Each structure stands twice: as structure tokens, then as C-alpha cells.
Amino acid sequence: MRVAFVSERTVFHESTEGRERLHRIATNLDARGHDVTVYCAQWWPDYPETIEHEGITYRGITVSDSKAAFLARIPWVVALDRPDVIHATPEPPAVVTAAKLAAVPARAPLVVEWFGDENLPDSRARNYAAKLPDTVVTPSELVRTTVREHGATGDNTRVIPESIDTSLIDEVEPAEDADIVYARDLDADANVQTLLLALAELRRRDWSATIIGDGPRREEIEQQAADLRIDDRITFAGDLDREERLSIYRGAHTFVHTAFRENFATELLWALACGCIGIVEYQAESSAHELIETYRRSFRVTDDEELTEAIRDAAGMERLDRDPDMDRYDHEEVLDQYLDCYRDLREEHGLF
């Protein structure tokens, strides 16, 4: 299958979660033998219009940061290459219109990847970008609801979750650092205070905790732990690489997620796959609770008192260092969902 990705900015310009996801989809499609071309603003040196990088063709639509030129060239450049599917981003929203103008003569369905971290101000163009595609793919029901508020419908939206490399889990040995783990950027949305208050209520019990992550609120969070007199039982590990995180998750018993905002709770997913019991504090702007709605080894709470009780209850549950039930989120399994999406759309368009 020939898949055209239309994204003015890529991970090579500036990395975001949404761009990382799009890059991963393109890379995994290429690994499966599909023909992948990314149409973007040029990020490589010199001036060849097209380069090959790690098996993927990148075609520079513009050399400089000129949105107008990018939008003007996309319709005819992409249409002439006759892709089977066009997969675009909504940043900026007018890219969706340009991609649609290519999709019509190319007779290719248009999929838009809407992760939720795009910088999209309220505008008619944004709302039109939600309505125009054949399908808008989001990582969670939370983001899907947002897209529908912008004008999309139930018929033209589809949830495809984030994916992880489950084989990597089996390559690391469990650590013995902590009973309870929290992992996230320590910013204004981290909400670690809820966990600290819950742990303070359990200070007479035997437990240890590790907080993974760094950010502008780290010093404040460390001071809160000291004020609650539990800092001697908490390790602030900083920002760790994936293998180090997996080792801690495999050795831990419980993973706690309390953050205010999360388009998809990827660290929670990794922890569940590593056998952790998941405890999620419900937040209106976080999708974390979606991962545990039907997951047996989990608790959903609404405040620090319920979190304290959940940690107590979780202590009596079996300790695991791997849960194969979460293999359904493996890269290969999730890629199949994208391919099913492409095939469904081509069938609806009478292209098979």
C-alpha cells in the first residue's frame, strides 16, 4: 500500500508526542513493506527535494518556513504521486484542506491524526479540519470527544490507542527499588501532591516509592515530601531512559497516576504491561482512566483518601513483573488497527 503522510513539521523539526506517534506509524508501515512518503517542510541540509532516511522517503515541499507555499504545493504534488491513502495532521488546520484537495483527484481516502497536543487556536479552519476528513484518528475517547466538539461526528472518528514495544520489557531485569511508582514530567499538571498526601497517611506501614521524571515543579514536590516527613522513603529518580524505567516498573508492585491532563497515559500502559497494579485518580482532562476501565488489576479513585485505601487494598494483590494481557497494545497489534482503518476506507470508496 502506498501511504502519503502530510505533515509540515516532523520529529526532526521539533519532537512532540503527536509527531512521535506519526513517525512511529510511518516507520512501522515501512517495516511491513508498505511504500511510505512523508511530505513536509525540509529539515535536512543542502537542497535535494527528496531524501531517503531509515527506509522512508521524505519530500521537501518547502525549504523555508512558508506555510502559504506549503499549502499551495501539497494538493498537486501529492495528487501526482497517486497514493492509496493520505494520512495528515491538523497542524496547521489548513493542511487538512490541502490534503483533501490532493485526495480527490488521487481517489485516496483522507485520514487525519489528531493526538491532542497540537497548537490549534479556536477558529473555523480548526473546526473544518475536524469535519473534512474521511476519518479522524485519536489516541483516546477523551481526545475523540474534543474533536467531536469541534465538528467531527461519531462516523468519521476512530480511537486507535498508543502502542509500546512489549518485547523490550522481556529484555530488562526487574529492579528492587520501590513498591509504588509514579512517572511523568514534573510540571504544573503532574499533581504529585495527591500521591504524597496518600503516602503520608500510610507512613506507619512499610513501603518505598520512586518518582520518575523531571521538570519545573520537582524542587517544590521534593519540599512537599520533606514537609510531610516521608522524603526518606521516596526516591526522586529524575528523567530515566526507557530500559531503566521498565526495570523499575517490573520490580514495583503499584503504579499511581494522578496527573491533571493526559491525552494518552503511555507510562501507565508500560507499567501495566510490566505487571504493576494500576491506580488512577480520575481527572476530567485525562484519559488515564480509560486504560483501566476493564482491567482487573486496577483501582479508580477521586481523591487522596480513596487513593490511600486503594494503595492499602493493592498491597494484598499478587505481585507480577509481566502481564501478557497488555500485549494487545504492542506496536504490531496497533499497526494492524491502522491498516484495518485504511482498508475499510478504501472499501467504502470502492477502491478494492
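Anything mentioned here points back to the structure above.
Residues numbered from 1 in each chain as written. Predicted model: local features only at pLDDT ≥ 70, side-chain atom pairs only at ≥ 80, totals over all residues. Heavy atoms only, no water.

**Student:** I would appreciate a short explanation of empty space enclosed by the protein in the present structure.
**Tutor:** Empty space among the atoms becomes visible once a probe the size of a water molecule is rolled across them. Applying the stated criterion across every chain, the model contains 4 cavities of 30 Å³ or more. As for the largest cavity, its lining consists of Ser7, Arg9, Thr16, Gly18, Arg19, Leu22, Thr89, Glu91, Glu113, Phe115, Asp117 and Glu118. With 3 residues, helix H1 (residues 17–31) is the single largest residue contributor to the lining of the largest cavity. Of the residues that constitute the lining of the largest cavity, the class distribution is 2 nonpolar, 4 polar and 6 charged. Space inside the second largest cavity adds up to approximately 90 Å³. Taken together, Phe5, Ser7, Arg9, Thr10, Val11, Arg19, Leu22, His23, Ala26, Val38 and Tyr58 make up the lining of the second largest cavity. Per-element accounting of the lining of the second largest cavity gives the leading share, 4 residues, to H1. (1 Å grid on protein atoms, 1.4 Å probe; cavity = no way out; pocket = protein on both sides within 12 Å on 5 of 7 lines; lining within 4 Å. Points joined across faces, edges and corners; volume = space filled by probe spheres on them. Helix = DSSP H or I, 4+ residues; strand = E, 2+ residues; numbered from the N terminus. Nonpolar A, V, L, I, M, F, W, Y, C, P; charged D, E, K, R; others polar.)

**Student:** Hey, could you run me through helix H9 (residues 242–251) in this one?
**Tutor:** Think of an α-helix as turning once every 3.6 residues; residues three or four places apart then point the same way. Most of H9 is tucked away, with 7 of its 10 residues classed as buried. If you check which residues of H9 are buried, you get Arg245, Leu246, Ser247, Ile248, Tyr249, Arg250 and Gly251. Buried residues belonging to H9 abut helix H6 (166–169), strand S9 (180–183), strand S10 (209–212), strand S12 (254–257) and helix H10 (266–273). (Buried < 20%, exposed > 50% of the residue type's maximum accessible area, 1.4 Å probe, protein only. Contact = heavy atoms within 4.5 Å.)

**Student:** Is there a simple way to explain the pattern of salt bridges in this structure?
**Tutor:** What the rule picks out here adds up to 33 salt bridges. With a closest N to O distance of 3.7 Å, Lys100 and Asp134 form a salt bridge. Here the residue Lys100 occupies a position in helix H3 (residues 94–106), and Asp134 occupies one in the loop between helix H4 (124–131) and strand S7 (135–138), the gap between them amounting to 34 residues. One salt bridge in this structure joins Arg312 and Glu309, with 2.4 Å as the shortest N-O distance. Placement of the pair is Arg312 and Glu309 together in helix H12 (residues 304–314), with a separation of 3 residues, close to one helical turn. Accessibility expressed as a relative area gives 29% for Arg312, which makes it partly exposed. When its relative accessible area of 40% is taken as the criterion, Glu309 is described as partly exposed. Within the structure, one salt-bridge network assembled from shared partners comprises Arg21, Arg24, Glu113 and Glu162. (Salt bridge = Lys/Arg side-chain N within 4 Å of Asp/Glu carboxyl O.)

**Student:** How should I be thinking about the packing of aromatic side chains in this particular structure?
**Tutor:** The geometry of an aromatic ring pair is captured by the separation of the ring centres together with the interplanar angle, meaning the angle of the planes. Overall, the coordinates contain 5 aromatic pairs when judged by the stated rule. Between Phe12 and Trp43 the ring centres are 4.1 Å apart and the planes differ by 25 degrees, which places this aromatic pair in the stacked class. Of this pair, Phe12 sits in the loop between strand S1 (2–6) and H1 while Trp43 sits in the loop between strand S2 (35–41) and strand S3 (50–53), and the two are 31 residues apart along the sequence. Between the aromatic rings of Phe12 and Tyr58, the centroid separation amounts to 5.8 Å while the plane-to-plane angle is 80 degrees, which identifies the pairing as edge-to-face. (Phe/Tyr/Trp six-rings, centres within 6.5 Å; stacked < 30°, edge-to-face > 60°.)

**Student:** Would you take a moment to explain the pairing of strand S5 (residues 85–88) for this structure?
**Tutor:** Two faces belong to every sheet, and in a regular strand the side chains alternate between them. Judged by which residues are buried, S5 turns out to be covered on both faces: Val85 and His87 on one side and Ile86 and Ala88 on the other are all buried. Here S1 runs beside S5; their pairing, made up of 4 bridges, is parallel. Directly across from Phe5, in S5, lies its bridge partner His87. Bridge count between S5 and strand S6 (residues 110–113): 3 bridges; the pairing is parallel. For His87, the partnering residue across the bridge sits in S6 and is Val111. Note on the crossover from S5 through H3 to S6: the handedness is right-handed. (Pairing = 2+ DSSP bridges. Right-handed = clockwise from strand over helix to strand, strands pointing away.)

**Student:** Could you clarify how one ought to interpret the packing of helix H7 (residues 192–201) against helix H8 (residues 218–227) in this entry?
**Tutor:** A packed helix pair is summarised by two numbers, namely the angle formed by the two axes and the spacing between the axes. It is the contact of H7 with H8, at a shortest axis distance of 10 Å, that shows an interaxial angle of 15 degrees. Classed by the angle they form, the pair H7 and H8 counts as roughly parallel. Between H7 and H8 lies a crossing whose hand is right-handed. Here Val192, Gln193 and Leu196 of H7 lie close against H8, whose contacting residues are Ile221, Gln224 and Ala225. Each residue belonging to the contact of H7 with H8 can be placed in one class, and the counts come to 4 nonpolar, 2 polar and no charged. (Axes fitted to C-alpha atoms, helices over the stretch in contact; angles between N-to-C directions. Parallel < 35°, antiparallel > 145°, perpendicular 65-115°, else oblique. Left-handed = near helix turned anticlockwise from the far one by under 90°.)

**Student:** I tried to follow a negative patch on the surface on my own but got confused; where do I start?
**Tutor:** A cluster of acidic residues, Glu171, Asp241, Glu243 and Glu244, forms a negative patch at the surface. Topologically, Glu244 is positioned in helix H9. You can call Glu244 partly exposed: its relative accessible area is 40%. (Patch = residues over 30% accessible without salt bridge, like charges linked within 9 Å, V, L, I, M, F, W, Y side chains within 5 Å. Areas by Shrake-Rupley, 256 points an atom, 1.4 Å probe, with all protein chains shown as cover. Lys, Arg positive; Asp, Glu negative; His and termini not counted. Charge placed at Lys NZ, Arg CZ, Asp CG, Glu CD.)

**Student:** Would you mind showing me how to read the layout of surface pockets here?
**Tutor:** If you add up the space inside the largest pocket, you get close to 1,100 Å³. Surrounding the largest pocket, 41 residues form its lining, Glu17, Glu262, Asn263, Phe264 and Thr266 being those nearest its centre. Only H1, helix H5 (141–149), H9, strand S13 (261–262) and H10 provide two or more residues apiece to the lining of the largest pocket. Per-element accounting of the lining of the largest pocket gives the leading share, 5 residues, to H5. Residue composition of the lining of the largest pocket, grouped by class: 11 nonpolar, 11 polar and 19 charged. Reported here for the second largest pocket is a volume of approximately 230 Å³. In terms of lining, the second largest pocket is formed by 13 residues, of which the most central are Pro161, Phe264, Glu290, Leu291 and Tyr329. Taken together, the residues of the lining of the second largest pocket break down into 6 nonpolar, 4 polar and 3 charged.

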